[in-house]
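Given next are the chains, with one letter for each unit.
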Amino acid sequence: MKLNERSLAFYATCDSPADNTGFLYKRGERHTAYHRRWFVLKGNMLFYFEERESREPVGVIVLEGCNVELCDSAENFAFAIRFGGAKCRTYVLVAESQAAMESWVKSLSRASFDYMRLVVRELEKQLEEMRWGLAGGCGGCQGPSGSWKLKSSVLEQAPERLPALPAVLPKENGCAVWNNTPGVHRPPDTSGSNEHDGEENPRPPPLPPRRRASGSEVGSTRAAGAESLSSFCQLHEQYGQEVARLRQDWLERWHSPQP
């Protein structure tokens, strides 16, 4: 794997946000002594510098195909970055506190491209489930691979719970008659007739004739309306006179000379 040193140095020191930064003690490859280095994690690249103000990194660790785990060491808060393979190097690092060690182990474990690919797949799966849920309009509808669809048990039980309605409801006097629907419970027929229609469904009893108002009732209704109208006119006239009187008093006070 070929890396451009200038590009890496620029990327390590540019103003792009870092995923984690801090001092760690790094064990040497040939000598087992630990050296204090300033580490900067950006993406899947872990840069380390001699000092915090250094302009160029001393080295870089590409975090692909590796495992971050705690290791047994004489020093406290030690962890290691192990790569697969017999000739691959294992980096042993030591943090300055328990909180710093946990923060570094968590951020390094999530830095690889493989981890990001798993996260993207999981987010895509959740997004697909949300879209199916919005399209289905119900929470009890689940389809293949975690998506949403109507359950077969609901479809099987639906005809037993809800009666089938006819395509066109029968009407009487311009109103739909709901209890003519087949399968719906109707009150018993007390008319003594046992008439059926062409589909062997009992016919509903005939509606009673509409009651027409007599002449005396019409006259009393008109008299009541005329009485209410006359009382309203009298009340309107009284209020109008009172408003006019108040307005006249106000005008006289306005034009009268002030003491």
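Details of the structure are given in the entry above.
As the structure is a prediction and not an experimental result, all values here were calculated from the model.

Further remarks concern the sheet that holds strand E3 (residues 45-49). Spatially, seven strands are ordered E4-E3-E2-E1-E7-E6-E5 in an open sheet, and the strand pairing comes out antiparallel. Looking at the sheet topology across the chains shown, the edges are occupied by strand E4 (59-62) and strand E5 (66-70). With direction set aside, neighbouring strand axes in the sheet form an average angle of 35°. Sheet strands touched by helix H1 (residues 5-13): strand E2 (34-42), E3 and E4. Its angle to E3, the strand with the most contacts, is close to 85°.

Let us now look at the nonpolar core. Leu-46, Leu-63, Phe-79, Ile-81, Trp-104 and Leu-108 are the most contacted members of the largest nonpolar core, which has 20 residues in total. Taken together, the elements giving at least two residues each to this core come down to E2, E3, E5, strand E6 (78-83), strand E7 (91-94) and helix H2 (98-109). Broken down by element, the residue count for this core peaks at four residues, all from H2. Leaving out residues up to four positions away in the same chain, Trp-104 has contacts with Asn-20, Thr-21, Gly-22, Leu-24, Phe-39, Leu-41, Leu-46 and Phe-79.

With that out of the way, let us pick up the packing of aromatic side chains. Scanning the model with the defined rule gives five aromatic pairs in all. On the numbers, 6.0 Å between centres and 65° between planes, the contact of Tyr-11 with Phe-47 is edge-to-face. With Tyr-11 in helix H1 and Phe-47 in strand E3, this residue pair connects regions lying 36 residues apart in the sequence. Exposure remark for Phe-47: the relative accessible area of 0% places this residue in the buried category. Both rings, one in Phe-39 and one in Trp-104, keep their centres 6.5 Å apart while their planes meet at 75°; by these two values the pair is edge-to-face. Taken together, the positions of Phe-39 in strand E2 and Trp-104 in helix H2 put the pair 65 residues apart, joining distant regions of the chain. A cation over a ring is seen here: Arg-36 above Phe-23, with NZ or CZ 3.8 Å from the ring centre. One Lys or Arg, Lys-42, reaches over the ring of Tyr-11 and ends 5.4 Å from the middle of that ring.

This part covers the pattern of salt bridges. Summed over all chains, the structure comprises four salt bridges. Residue Glu-29 pairs with Arg-89 through a salt bridge whose shortest N-O separation is 3.5 Å. Separated by 60 residues along the polypeptide, Glu-29 in the loop between strand E1 (20-27) and E2 and Arg-89 in the loop between E6 and E7 bring together distant segments of the chain. Judged by its relative accessible area of 22%, Arg-89 falls in the partly exposed class. For Arg-36, the salt bridge goes to Glu-96, with nearest N and O atoms at 3.3 Å. A residue pair is termed long-range when its members are at least 10 positions apart, and Arg-36 in strand E2 and Glu-96 in the loop between E7 and H2 qualify at 60 residues. Classification of Glu-96 as partly exposed rests on a relative accessible area of 45%.

The rules we used
Residues numbered from 1 in each chain as written. Predicted model: local features only at pLDDT ≥ 70, side-chain atom pairs only at ≥ 80, totals over all residues. Heavy atoms only, no water. Pairing = 2+ DSSP bridges. Helix = DSSP H or I, 4+ residues; strand = E, 2+ residues; numbered from the N terminus. Axes fitted to C-alpha atoms, helices over the stretch in contact; angles between N-to-C directions. Contact = heavy atoms within 4.5 Å. Core = buried A, V, L, I, M, F, W, Y, C linked by side-chain atoms within 4.5 Å. Buried < 20%, exposed > 50% of the residue type's maximum accessible area, 1.4 Å probe, protein only. Phe/Tyr/Trp six-rings, centres within 6.5 Å; stacked < 30°, edge-to-face > 60°. Lys NZ or Arg CZ within 6 Å of the ring centre and 35° of its normal. Salt bridge = Lys/Arg side-chain N within 4 Å of Asp/Glu carboxyl O.

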